[in-house]
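Breakdown of the fold
Now for the letters of each chain:
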Amino acid sequence: MTTRVGQGCPSIPGGAVAEDDEATVDGADSADEPFPLLIAVTLSPAERIRLAERLDGIAPLLLVADLDELRRLIAAPPPPEAATEPVPVATLVIDSARSTARCGTREVALTRLEHDLLTCLTTEPVRVWSYAELHRSVWRDEGRERKADVQSLVKRLRRKLHDLGTGATIDAVRGVGLRLTDHQQARVERA
């Protein structure tokens, strides 16, 4: 890279122009090959406009107000951040023997009904369970299929899942029923 003061362009008295002697301006340059770049430093906006008009088409032109601005523009980018280890995905574990749910280091106790409902939903997490199916599976009585019982239990269980910090929750599917969903890719296992 050669820098000439006052010689780059005769119409720019005392102006500094930097150019690359080895580059060609034939448009066939690849992205990896050097190319000429004219850099003009002048405080006056009117002078920058005049330079842009006069040097239009000669080569790429970089016009800056001062050397600090030029340094900021051509400074090397900061090194990329080191690759971090992926955050391990928390697993929701249902411990049937202890009647608890655990995610990472957190654990909550489950009532028999909460345990049975969560176990039912985890057997087929993609499936949408109707209120009647959940009532029969959790309460084990064929005749009484009360939607309010299931909704009340789901409300308590959602709170406990939230307290565990898992991405798994129970979503309502309008007009159909309930399903276990996983908003943070948490795996669900039964212990």
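This one's a predicted model, so the numbers in the text were calculated from it and none came from an experiment.

Along the backbone of the protein there are five helices and ten strands. Expressed as a percentage of its 191 residues, the buried residues of the protein come to 31%. Sequence separation of at least 24 residues holds for 39% of the intrachain contacts in the protein that already meet a minimum separation of 6. Taken as a whole, the protein presents about 12500 Å² of accessible surface, with 53% of it coming from carbon and sulfur.

This next bit is on the confidence of the model for the protein. Of all residues in the protein, 70% attain a pLDDT of 70 or more, and the chain-wide mean is 75. Ranking the elements of the protein by mean pLDDT puts strand β1 (residues 2-5) last, at 38, and strand β7 (residues 106-109) first, at 92.

Right, let's talk about the nonpolar core for a bit. Core analysis: the biggest nonpolar cluster contains 24 residues, and L117, L118, L134 and I170 have the highest contact counts within it. Those elements that provide at least two residues to this core are β5 (91-95), β6 (100-103), α3 (112-123), α4 (131-139), α5 (147-164), β8 (168-173) and β9 (177-182). The dominant element in this core, judged by the number of residues it contributes, is α5, at six residues. Residues within four places of L118 in sequence aside, it is in contact with I94, A101, L110, L157, L161 and L180. With five residues, the next largest nonpolar core counts A40, L51, L55 and A59 among its residues.

A word on unusual backbone geometry. Trans is the prevailing form of peptide bonds, just as negative phi is the prevailing case for residues other than glycine. The residue S99 is not glycine, and still its phi comes out positive at about 55°. In this structure, S99 sits in the loop between β5 and β6. For S99, a relative accessible area of 18% puts it in the buried group.

A word on the pairing of β9. As paired elements, β8 and β9 share six bridges and run antiparallel to each other. Bridge pairing in β9 links A172 to L178. Taking the residues between adjacent antiparallel strands as the criterion, β8 and β9 are bridged by three residues, where G175 takes a positive phi near 80°.

Its location among the elements puts T181 in strand β9. Taking the C-alpha atoms as reference points, T181 and L121, separated by 60 residues in sequence, lie 9.4 Å from one another. Apart from the residues lying within four places of it in its own chain, the contact partners of T181 are G167, A168, T169 and D171. A polar contact of 2.8 Å, which involves the side chain of T181, links it to the side chain of D171.

What counts, and where the lines are drawn
- Residues numbered from 1 in each chain as written.
- Predicted model: local features only at pLDDT ≥ 70, side-chain atom pairs only at ≥ 80, totals over all residues.
- Heavy atoms only, no water.
- Helix = DSSP H or I, 4+ residues; strand = E, 2+ residues; numbered from the N terminus.
- Buried < 20%, exposed > 50% of the residue type's maximum accessible area, 1.4 Å probe, protein only.
- Contact = heavy atoms within 4.5 Å.
- Areas by Shrake-Rupley, 256 points an atom, 1.4 Å probe, with all protein chains shown as cover.
- pLDDT = per-residue confidence, 0-100.
- Core = buried A, V, L, I, M, F, W, Y, C linked by side-chain atoms within 4.5 Å.
- Pairing = 2+ DSSP bridges.
- Polar contact = N/O pair within 3.5 Å; in protein donor to acceptor, adjacent residues only side chain to side chain.

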